[in-house]
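Here is how the chains run, residue by residue.
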Amino acid sequence: MKAVRVHDYGKPPSIDEVDAPTLDGAWDVLVDIGAAGLCRTDLHIIEGQWDRIQHPSLPYTIGHENAGWVRAVGSAVGNVQVGDAVIMHPLVTCGLCPACRVGQDSHCANALFPGINVNGGMAEVLKTNARAVVKLDDGLRPRDVAALADAGLTAYHAVRKAAPDLFPGTHAVVIGSGGLGHIGVQALASITSATITVVDRSEQALELARSIGADHTVQATSDEAVQAAVDEITGGGAHIVFDFVGEAGAEKLAPQLLRNGGSDYVIGYGGNVDLPTIDIISREINVIGNLVGTYQDLVELMTLTASGKVTLHTKVYPLDAALDAIDDLDHGRLLGRGILIPTGR
Ligand SMILES: [Zn+2]
Ligand SMILES: [Zn+2]
């Protein structure tokens, strides 16, 4: 089969002819890949940034946002059948460790991460397991949902965690309405009653945000202007801020937009949150981290997607054009998410 493989960090991957994976364990599932999402993380992998954290053995196949059709199942698998359309939770988890027992898939002690530390989905066939597959509703095609497996799941997870605190009369502020943020806005609009205010530098991003559920938008010209506008809209600060940027100053601004007792949900990363402890106690504010999402979050996100409440803007490439897609993403020529289609279906 064809696979997009990294041989050396700092060099473009190549499209190689390799053996397809085989069923080894009773819980294994092989999937004919229908769509593999391309993500900034792939660029960071190619640069070598993830090597010290995940150290996969080279060469290996990238692609961690995967959907397709079940090709074969191990002897113990009963939740999917050959031919079912599925999206994969990004982690292959054990189901037995304490984190798995409480449903915290992202913190599984024995997880494999296809596309990050073992062979991923930019190939014709992917090996995963029964715990990772979510069956797709009849109306959904792999190419329409693959990118939700990572970016969308992360955004949904944060909103889902905050949802009990976003009852009528509350204010949610979203910083950054790009690839992740625009899924967050749609999730907020569909599962919470909060008034939604979106902050972004780009007028184009704000326009999109208004069309998918934002009640108010604020163009990020200066921190002072944003703070004044948010204060006015929310009547004294947000109950929850979702920081989808996490760097370049957004991480410093986010806690300043909270009312007393509010929470800063950190989703984007790269910067430092530096808060005087006296502010934390006197204002009783919280800083909350968010990592990918749970299997159940992915099931709920697929339900929202099937009902048309979450949509994703994509550009499709055949697998053979993987290097063009990577180049387009790297040079800012890709509007929406890039999706690689190996099978032609
Ligand atoms: Zn990703
Ligand atoms: Zn586990």
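Structure: see above.
What you see is a predicted model, and the numbers here were worked out from it, not measured in a lab. (Residues numbered from 1 in each chain as written. Chains lettered and ligands numbered in written order. Predicted model: local features only at pLDDT ≥ 70, side-chain atom pairs only at ≥ 80, totals over all residues. Heavy atoms only, no water.)

## Looking at the environment of Glu 203
Working step 1: Along the chain, Glu 203 turns up in helix 7 (residues 203-211).
Working step 2: Considering only alpha carbons, one finds Glu 203 and Gln 219, 16 residues apart in sequence, at a separation of 6.8 Å.
Working step 3: Excluding residues within four positions of it along the chain, Glu 203 makes contact with Arg 210 and Gln 219.
Working step 4: Side-chain polar atoms of Glu 203 contact the side chain of Arg 210, separated by 2.8 Å. (Helix = DSSP H or I, 4+ residues; strand = E, 2+ residues; numbered from the N terminus. Contact = heavy atoms within 4.5 Å. Polar contact = N/O pair within 3.5 Å; in protein donor to acceptor, adjacent residues only side chain to side chain.)

## Examining the sheet that holds strand 13 (residues 258-266)
Backbone hydrogen bonds are what pair the strands of a sheet, in a parallel or an antiparallel way.
Working step 1: Read from one edge to the other, the open sheet built from six strands follows the order 11-10-9-12-13-14, with strand pairing classed as parallel. Strand pairing shows two members of the sheet lacking a second neighbour, strand 11 (216-219) and strand 14 (286-289), which therefore form its edges. Ignoring which end each strand starts from, the neighbouring axes of this sheet average 20° apart.
Working step 2: Bridge count for strand 13 against strand 14 is four bridges, and the pairing is parallel. Note that in strand 14 the partner of Tyr 265 across the bridge is Ile 288. (Pairing = 2+ DSSP bridges. Axes fitted to C-alpha atoms, helices over the stretch in contact; angles between N-to-C directions.)

## A look at the coordination of the zinc ion (ligand 1)
Working step 1: Coordination of the zinc ion (ligand 1) by the protein is provided by Cys 39 (SG), His 64 (NE2), Glu 65 (OE) and Asp 150 (OD), with metal-donor distances spanning 1.9 to 2.3 Å.
Working step 2: For the zinc ion (ligand 1), the four donor atoms in the first shell make angles of 97 to 128° at the metal, so the coordination geometry reads as tetrahedral.
Working step 3: Between the donor residues of the zinc ion (ligand 1), the gaps in sequence give the motif C-x24-H-E-x84-D. Separated by 26 residues along the polypeptide, Cys 39 in the loop between strand 3 (28-38) and helix 1 (40-47) and Glu 65 in the loop between strand 4 (60-61) and strand 5 (66-73) bring together distant segments of the chain.
Working step 4: A residue is classified by how much of its surface remains accessible, and Cys 39, at 7% relative accessible area, is buried.
Working step 5: For Glu 65, a relative accessible area of 0% puts it in the buried group. (Donors = N, O, S within 2.8 Å, 3.2 Å for Na, K, Ca; no water. Tetrahedral: all angles 85-135°; square planar, octahedral: opposite > 155°, others 65-115°. Buried < 20%, exposed > 50% of the residue type's maximum accessible area, 1.4 Å probe, protein only.)

## Thoughts on the side chain of Asp 297
Working step 1: Relative to the helices and strands, Asp 297 is located in helix 11 (residues 295-306).
Working step 2: Buried charged residue Asp 297 carries no salt bridge. Nearest counter-charge: Arg 160, at 5.1 Å.
Working step 3: Within the local environment of Asp 297, its side chain forms a polar contact with the backbone nitrogen of Thr 294, the two atoms lying 2.9 Å apart. (Lys, Arg positive; Asp, Glu negative; His and termini not counted. Salt bridge = Lys/Arg side-chain N within 4 Å of Asp/Glu carboxyl O.)

## Overview of the pattern of salt bridges
Working step 1: Across all of its chains, the model carries 16 salt bridges by this definition.
Working step 2: Here Arg 141 ties to Asp 144 by a salt bridge, and the two come within 3.1 Å at their closest N and O atoms.
Working step 3: By relative accessible area, which is 46% here, Arg 141 ends up partly exposed.
Working step 4: The class for Asp 144 is partly exposed, based on a relative accessible area of 32%.

## Observations regarding the coordination of the zinc ion (ligand 2)
Working step 1: Distances from the zinc ion (ligand 2) to its protein donors, Cys 94 (SG), Cys 97 (SG), Cys 100 (SG) and Cys 108 (SG), fall within 2.3 to 2.4 Å.
Working step 2: Its four donor atoms give the zinc ion (ligand 2) angles of 101 to 119° at the centre, a pattern that matches the tetrahedral case.
Working step 3: Each donor residue of the zinc ion (ligand 2) lies on the same chain, and together they follow the pattern C-x2-C-x2-C-x7-C. Take Cys 97 and Cys 100: they sit in the same class, and that class is buried.

## Overview of the packing of helix 5 (residues 151-162) against helix 11
Working step 1: The interhelical angle for the contact between helix 5 and helix 11, taken along N-to-C directions, is 100°, at an axis separation of 10 Å. Considering the angle they form, helix 5 stands roughly perpendicular to helix 11. Contacts between helix 5 and helix 11 pair Gly 152, Leu 153, Tyr 156, His 157 and Arg 160 from the former with Asp 297, Leu 298, Glu 300, Leu 301 and Leu 304 from the latter.
Working step 2: Among the residues forming the contact of helix 5 with helix 11, the class breakdown is five nonpolar, two polar and three charged. (Parallel < 35°, antiparallel > 145°, perpendicular 65-115°, else oblique. Nonpolar A, V, L, I, M, F, W, Y, C, P; charged D, E, K, R; others polar.)

## Some words on unusual backbone geometry
Working step 1: Residues Leu 58 and Pro 59 are joined by a peptide bond in cis, for which omega reads -5°.
Working step 2: Its identity as a non-glycine residue notwithstanding, Glu 284 has a phi of 50°, on the positive side.
Working step 3: When you line up the elements, Glu 284 lands in the loop between helix 10 (277-283) and strand 14.
Working step 4: Here Val 292, not a glycine, exhibits a phi torsion of approximately 40°, which is positive.
Working step 5: Turning to its location among the elements, Val 292 is positioned in the loop between strand 14 and helix 11.
Working step 6: By relative accessible area, Val 292 is classed as buried at 10%.

## Structural notes on the sheet that holds strand 2 (residues 14-17)
Working step 1: The three strands are arranged 2-1-4 in an open sheet whose pairing can be described as antiparallel. Looking at which strands have only one partner, the edges of the open sheet turn out to be strand 2 and strand 4.
Working step 2: Looking at chain direction, strand 1 (residues 2-6) and strand 2 are connected through four bridges and run antiparallel. When the bridges of strand 2 are listed, Ala 3 appears paired with Asp 16.

## A look at the packing of helix 5 against helix 6 (residues 181-191)
Working step 1: Orientation of helix 5 relative to helix 6, taken along the N-to-C sense of each, is 40°, at an axis distance of 8 Å. For the element pair helix 5 / helix 6, the angle class is oblique. The two elements helix 5 and helix 6 meet at a crossing, and its hand is right-handed. Facing helix 5, whose interface residues are Gly 152, Ala 155, Tyr 156, Val 159 and Arg 160, helix 6 presents Ile 183, Gly 184, Ala 187, Leu 188 and Ile 191.
Working step 2: Taken together, the residues that form the contact of helix 5 with helix 6 break down as seven nonpolar, two polar and one charged. (Left-handed = near helix turned anticlockwise from the far one by under 90°.)

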